[in-house]
Amino acid sequence: MDTTRRIPEVTDTIVALSSAAGPAARAIVRLSGPAALSLLAQIFQPTSSRSPTHRGVHEGGLQLPGLHALLPAQVHVSPEPRSYTGQDVVEFHLAGSPPLVDCLIQRLLALGARAALPGEFTMRAFLAAKIDLTQAEGVLGVLQAGDRQELRSALSQLAGGVLGPMQQLREDLLCLLADLEAGLDFADEDIRFVEAHDMDKRLAAGIGQITGLLNRLESRAIHARPFRVVLVGPPNAGKSSLFNALLGKDVALTSPAAGTTRDYLSEVYRRNGLEFELIDTAGVQEAEGLIESQAQSLRSRQGADADLLLVCSADGEFENRSPDHGKQLGRILVRTKCDLLSSPENTIATSALTSAGIDLLWEYLATEARQVDHRVTAGHAARSVDHLGKTLGHLHEASKSVGRGEPELIALELRGALAELGELTGAVFTDDLLDRIFSRFCIGK
């Protein structure tokens, strides 16, 4: 079998284990293709008189080589075209014993089925127009989700939440191109189907929509990394002690002497189903000497890249001590060493010595992290940003050509924009693109 071909033959009948490998109470073996129902009829005996090739769930037994009795099984039948792949699909539900599962798959292979390649079932769903590429990548995101938030994001993408604006934009540009080319066909008769000012307005609307989509996707790509929490404050404000208390271990060097931290420290920590990057920085103060100047520069850069600042103070005084990193950031005022002094209002009181307030602070951090616009699947975000960036370039060039009165060049740029959007939505695709996406799937999906 040639496994190097980009798009496998969709006329083959393919089979694979669709549930997790290994012993289990139940296993699912999936079969899809033109011969799926005939293969089912050769090995399955239903307990009722209803034909097992009809849509629905059927109880019965499997007749497999080496077994002296029928193997109890349930089959779920979805005839084409109303199935996941658009073909006849059969799912065998049986006891999750690896030897029994292997016996069933070997029997189906012997009868003419082919072992499915990674992602081949989902690729067939795409080729049958059951799902689009963004939804296929959503399937991959569901399979690779590491926590509930990632799962929710992937399920949202699978439901089509990412695709709608892109499809609408493509439809608008297709209509604009049709109007423009109709005018070109009647250029000798001086008939115009769209005026320059209307064309400029429609292009500007498209540029605005693309820019908005890019901002959203780039924001989500940023937050594909851990939520970054940077501890800032004056020297000896208890930042390093708080850093250690949040992590539950001694990572940062602590000392009663001010200015112990010169470089920054970074640790990734998972809590409440979220991933955080905690960063301890040097105390905010006037730089004296080269080393202190470098420490303040590192502190400033880390703060500028933060998603949230923990502004720390040992004495509860925060005015004029909160560094300005040049952009609006979320800030939480943290009163450290609350075991020594009372805390002002609107602050979170913590103590590294007694662990007071640490759990409460984590609750605040989790709340802030969940308010961030979370990720679409990383592969889809990168691909979308690339195609949308090129689309935006074509639309800007088309807009310039409107001002110069060059309808042929406008049409050329519109075709370029439509080609980019087509690749993004799956209306236009190449073998290489499908291979890059579906090769990351596991077998059976």
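1. A closer look at the overall build of the protein
- When you go through the protein residue by residue, the secondary structure sums to 13 helices and 13 strands.
- Every one of the 445 residues in the protein was classed for burial, and the buried ones make up 44%.
- Approximately 21700 Å² of the protein is accessible, and the part contributed by carbon and sulfur atoms is 51%.

2. Some points on the side chain of D88
- In this fold, D88 is placed in the loop between β5 (71-78) and β6 (89-96).
- In this structure D88 is buried but unpaired, with R55 as the nearest side chain of opposite charge at 7.3 Å.
- There is a polar contact of 2.7 Å between the side chain of D88 and the backbone nitrogen of E80.
- In this view, D88 contacts L31, S32, G33, P34, A36, L37, S78, P79 and E80; residues no more than four positions away in its chain are not counted.

3. Quick word on the sheet that holds strand β13 (residues 348-349)
- Spatially, the six strands line up as an open sheet ordered β9-β10-β8-β11-β12-β13, and their pairing is mixed. Edge positions in the sheet fall to β9 (265-271) and β13, since each has one partner strand and no second.
- Both β9 and strand β10 (residues 274-280) contribute to a ladder of seven bridges, which runs antiparallel. Paired with L265 across the two strands is D280, which belongs to β10.
- Its contacts with the sheet place helix α8 (residues 239-247) against β8 (227-232), β9, β10, β11 (308-313) and β12 (330-335), and it is angled at close to 155° to β10.
- Helix-sheet contacts for helix α10 (residues 358-370) involve β8, β9, β10, β11, β12 and β13, and the interaxial angle to β10 is about 115°.

4. What about the confidence of the model for the protein?
- Per-residue confidence for the protein gives a mean pLDDT of 76; residues scoring 70 or more make up 68%.
- Low pLDDT (under 50) marks residues 1-5, which in the prediction has three contacts with non-local residues, meaning those over four places away or in another chain.
- Here residues 373-380 is modelled with pLDDT under 50, and outside its nearest four sequence neighbours on either side it reaches 27 contacts, counting other chains as well.

5. Things to note about helix α2 (residues 98-110)
- For α2, which comprises 13 residues, the first-to-last C-alpha distance of 18 Å matches the rise-based estimate of 18 Å (1.5 Å per residue) to within 8%.
- Buried residues belonging to α2 abut β1 (14-17), β2 (24-32), α1 (36-43), β4 (56-62) and β6.
- Trailing α2 by a residue or two, G112 shows a phi angle of about 120°, which is positive.

6. Structural notes on the sheet that holds β2
- Spatially, β3-β4-β5-β6-β2-β1-β7 is the arrangement adopted by the seven strands of the open sheet, whose pairing is mixed. Every other strand in the sheet has two partners, leaving β3 (44-46) and β7 (114-115) as the edge strands with one partner each.
- Across two bridges, β1 lies against β7 in parallel orientation. Bridge assignment links V15 to a residue of β7, and that residue is A115.

7. A closer look at unusual backbone geometry
- Look at the link from E80 to P81: it is a cis peptide, with omega at 5°.
- Following the sequence through the fold, P81 ends up in the loop between β5 and β6.
- We note that N236 has phi near 60°; this positive angle belongs to a residue other than glycine.
- Structurally, the position occupied by N236 is in the loop between β8 and α8.
- Not every positive phi belongs to a glycine, and S355 is a case in point at roughly 70°.
- By the element assignment, S355 lies in the loop between β13 and α10.
- For S355, a relative accessible area of 47% corresponds to the partly exposed category.

What counts and how
Residues numbered from 1 in each chain as written. Predicted model: local features only at pLDDT ≥ 70, side-chain atom pairs only at ≥ 80, totals over all residues. Heavy atoms only, no water. Helix = DSSP H or I, 4+ residues; strand = E, 2+ residues; numbered from the N terminus. Buried < 20%, exposed > 50% of the residue type's maximum accessible area, 1.4 Å probe, protein only. Areas by Shrake-Rupley, 256 points an atom, 1.4 Å probe, with all protein chains shown as cover. Lys, Arg positive; Asp, Glu negative; His and termini not counted. Salt bridge = Lys/Arg side-chain N within 4 Å of Asp/Glu carboxyl O. Polar contact = N/O pair within 3.5 Å; in protein donor to acceptor, adjacent residues only side chain to side chain. Contact = heavy atoms within 4.5 Å. Pairing = 2+ DSSP bridges. Axes fitted to C-alpha atoms, helices over the stretch in contact; angles between N-to-C directions. pLDDT = per-residue confidence, 0-100. Expected span 1.5 Å × (residues − 1).

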